[in-house]
Amino acid sequence: MRRIHVGNALSAFGLGFTVPYLYVYVAQVRGLGAMTAGMVLAVFAVAALVVLPFAGRAIVRRGPLPVLLAALVTAALGSLSLGLAGTAAAVLLSAAALGAGQAVMQPALATMIVDCSSAETRSRAFATQFFLQNLGLGVGGLIGGHLVDTTSVSSFTLLFAIEAAMFLLLVVVMVTVRMPHAPRVDGAPAGQSAKGSWKQLLQNRAMVQLCVLGFVLFFACYGQFESGLSAYGVEAAGVSTSALGTALAANTAMIVVAQFAVLKFVERRRRSQVIAAVGLIWAVAWVAAGYAGLGHGSQEMATAAFISTYALFGLGEAMLSPTVAPLVADLAPSGMAGQYNSAFALVKQLALAVGPAVGGPMGAALHGPYVVTFLLFSLGITYLALRLGRQLSAVQDQPWLGKSRVVAQGAATPAAGPSRAHA
């Protein structure tokens, strides 16, 4: 587990080095224009959407470690070639490799955490993962910002080379990991098709409801951070770019500072109620955003309210990290954690692709409707979470009640009763 957490921190550190500067690198440093830069960002999303449906089945069949190693090597090659690419075609191909590798890392690492943890330790393990990811992204972005020089291509080549080195270093760390034996899928023939495994997942009512809830979570929060909400802050609230940077820093600082204090609060509470509370907290965040852009206070008050919006989002994120990912694992039948993690990652990518496309134009031009729309989405999170709670078994909603890893493992038979159907 310690090696897995080191891996999470290294991968986040490497990504933090380059992701904030991709647009500048492609559009300005390489002189390929805003259109190509926008296509690069789109290619990241498309590559993830293409590979994730296959990643889950590969994790189930081969185990998470070989899939993770393949993803890391792919990402390293993509990063290194991106730093050397001088044409639009080369940049887009490199971005596709980096995006695909990056996307597959997430469910692979999540499945490794599931296989190396118990019901009692899983929430803390995922909270630690989220903490280290944000810390790695923040530190990587900070150091990367001091290394880049928009007048020097070689400074960006160095940046992408460091990112590739982080991925390869992670390969070395992960090779030393000895994973416990993953169980076979209960009741599933060895030759079960990918189509069959997806059908099995879609028959899990609780998992389908969690995916719908997950889409709304990522659409209404993460999908707005660097698109709609930032555009709204600049256009409606009149915040400066430095204040926008402060807001993003406040979000990260809230996660880093509050993560383990929040963990103690949520560990003994129903997961569905924790997610419902996050919806209410984010509703308050959107009210603060509304005051920042639509109120009639001073510019200082508007800026403070806007920064508070990002901080409240961070508090909600800290509550979700030990809640949602362990719930995905606990809903998965024995041996299917990789498939479920990949499905949820696919939902996340869809939300992150649609969120900016919807929120960006609204945040820039339709200030009142933008705030009201996402305030309602936040309240929708509360409703969907409470509705999901009625589909969960007692141990899935309150994991401290059970001693086994997953309810589905303890009662996983092809003809299980109602609790199996709701798993």
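Our subject is the structure listed above.
Residues numbered from 1 in each chain as written. Predicted model: local features only at pLDDT ≥ 70, side-chain atom pairs only at ≥ 80, totals over all residues. Heavy atoms only, no water.

K.L.:
Got a minute to help me understand the overall build of the protein in this structure?
P.N.:
If you tally the helices and strands in the protein, you get 19 helices and 0 strands. Each of the 423 residues in the protein was classed as buried or not, and the buried ones make up 54%. Partitioning the intrachain contacts of the protein with sequence separation of at least 6 by distance along the chain shows that 85% fall at a separation of at least 24. (Helix = DSSP H or I, 4+ residues; strand = E, 2+ residues; numbered from the N terminus. Buried < 20%, exposed > 50% of the residue type's maximum accessible area, 1.4 Å probe, protein only. Contact = heavy atoms within 4.5 Å.)

K.L.:
How should the environment of Ala45 be read in this particular structure?
P.N.:
Along the chain, the position of Ala45 falls in helix α3 (residues 33-62). Ala45 sits 301 residues away from Leu346 along the chain, and the two C-alpha atoms are 10.0 Å apart.

K.L.:
What should I look at first to understand the nonpolar core in this one?
P.N.:
One recurring pattern in soluble globular proteins: nonpolar side chains tend to sit buried together. Met207, Leu210, Leu213, Leu229, Trp282 and Phe306 are the most contacted members of the largest nonpolar core, which has 68 residues in total. Grouped together as the second largest cluster of nonpolar side chains are 54 residues, Met112, Phe126, Leu170 and Ala337 included. (Core = buried A, V, L, I, M, F, W, Y, C linked by side-chain atoms within 4.5 Å.)

K.L.:
Got a minute to help me understand a nonpolar patch on the surface in this structure?
P.N.:
Taken together, the side chains of Leu135, Val139, Leu142, Ile143 and Leu147 make up a nonpolar region of the molecular surface, amounting to roughly 380 Å² of accessible area. Tracing the backbone shows Leu147 in helix α6 (residues 122-147). By relative accessible area, Leu147 is classed as partly exposed at 35%. (Patch = residues over 30% accessible without salt bridge, like charges linked within 9 Å, V, L, I, M, F, W, Y side chains within 5 Å. Areas by Shrake-Rupley, 256 points an atom, 1.4 Å probe, with all protein chains shown as cover. Salt bridge = Lys/Arg side-chain N within 4 Å of Asp/Glu carboxyl O.)

K.L.:
What am I meant to see in the packing of aromatic side chains here?
P.N.:
For any pair of aromatic rings, the description consists of the separation of the ring centres together with the inter-plane angle of the planes. Under the counting rule described, the total for this entry stands at 15 aromatic pairs. In textbook terms, an aromatic cluster arises when at least three aromatic residues are bridged by ring pairs, as seen for Phe215, Phe219, Tyr232, Trp282, Trp286, Phe313, Tyr370, Phe374 and Phe377. Positioned over the ring face of Phe265 is Arg269, at 4.0 Å from the centre of the ring. (Phe/Tyr/Trp six-rings, centres within 6.5 Å; stacked < 30°, edge-to-face > 60°. Lys NZ or Arg CZ within 6 Å of the ring centre and 35° of its normal.)

K.L.:
Sorry if this is basic, but what is going on with the side chain of Asn204 here?
P.N.:
With respect to the element layout, Asn204 can be found in the loop between α8 (194-202) and α9 (205-220). A polar side-chain atom of Asn204 sits 3.1 Å from the main-chain amide nitrogen of Met207. (Polar contact = N/O pair within 3.5 Å; in protein donor to acceptor, adjacent residues only side chain to side chain.)

K.L.:
Got a minute to help me understand α9 in this structure?
P.N.:
A rise of 1.5 Å per residue sets the reference length of α9, with its 16 residues, at 22 Å; its end C-alpha atoms lie 23 Å apart and thus fit the reference within 8%. Among the 16 residues that make up α9, 12 are buried, leaving the element largely enclosed by the rest of the structure. For α9, every residue scored as buried is listed here: Ala206, Met207, Gln209, Leu210, Cys211, Leu213, Gly214, Val216, Leu217, Phe218, Phe219 and Ala220. (Expected span 1.5 Å × (residues − 1).)

K.L.:
What is the right way to read the packing of helix α12 (residues 271-294) against helix α16 (residues 367-389) from this model?
P.N.:
Describing two packed helices takes the angle between their axes plus the distance from one axis to the other. Orientation of α12 relative to α16, taken along the N-to-C sense of each, is 170 degrees, at an axis distance of 7 Å. Relative to α16, α12 is oriented roughly antiparallel. (Axes fitted to C-alpha atoms, helices over the stretch in contact; angles between N-to-C directions. Parallel < 35°, antiparallel > 145°, perpendicular 65-115°, else oblique.)

K.L.:
Can you help me understand the pattern of salt bridges in this one?
P.N.:
Oppositely charged side chains can pair when the atoms bearing their charge come close. Taken as a whole and assessed by the stated rule, the structure comprises 2 salt bridges. With a shortest N-O distance of 3.0 Å, Arg122 and Asp330 are connected by a salt bridge. Here Arg122, found in helix α6, pairs with Asp330, found in helix α14 (residues 324-331); they are 208 residues apart in sequence, far enough to count as distant. Across the pair, exposure class does not vary: Arg122 and Asp330 are buried alike. Residue Arg271 is joined to Asp330 by a salt bridge in which the shortest nitrogen-to-oxygen separation is 2.9 Å. Taken together, the residues Arg271 in helix α12 and Asp330 in helix α14 connect sequence positions 59 residues apart. Judged by its relative accessible area of 3%, Asp330 is buried. Residues joined by salt bridges that share partners form a network here, namely Arg122, Arg271 and Asp330.

K.L.:
Any chance you could explain the environment of Gly380 here in plain terms?
P.N.:
By secondary structure assignment, the location of Gly380 is in helix α16. For Gly380, a relative accessible area of 22% translates into the label partly exposed.

K.L.:
Help me understand the packing of helix α10 (residues 228-235) against α16 in this model?
P.N.:
Contact pair α10 / α16: the axes reach a minimum separation of 11 Å and the direction vectors enclose 140 degrees. Taken together, the axes of α10 and α16 lie oblique to each other. With respect to the hand of their crossing, α10 and α16 are arranged in left-handed fashion. Contacts between α10 and α16 involve Gly228, Leu229, Tyr232 and Glu235 from the first element and His367, Tyr370 and Val371 from the second. Split into classes, the residues belonging to the contact of α10 with α16 amount to 4 nonpolar, 2 polar and 1 charged. (Left-handed = near helix turned anticlockwise from the far one by under 90°. Nonpolar A, V, L, I, M, F, W, Y, C, P; charged D, E, K, R; others polar.)

Keep in mind these values describe shape, not function.
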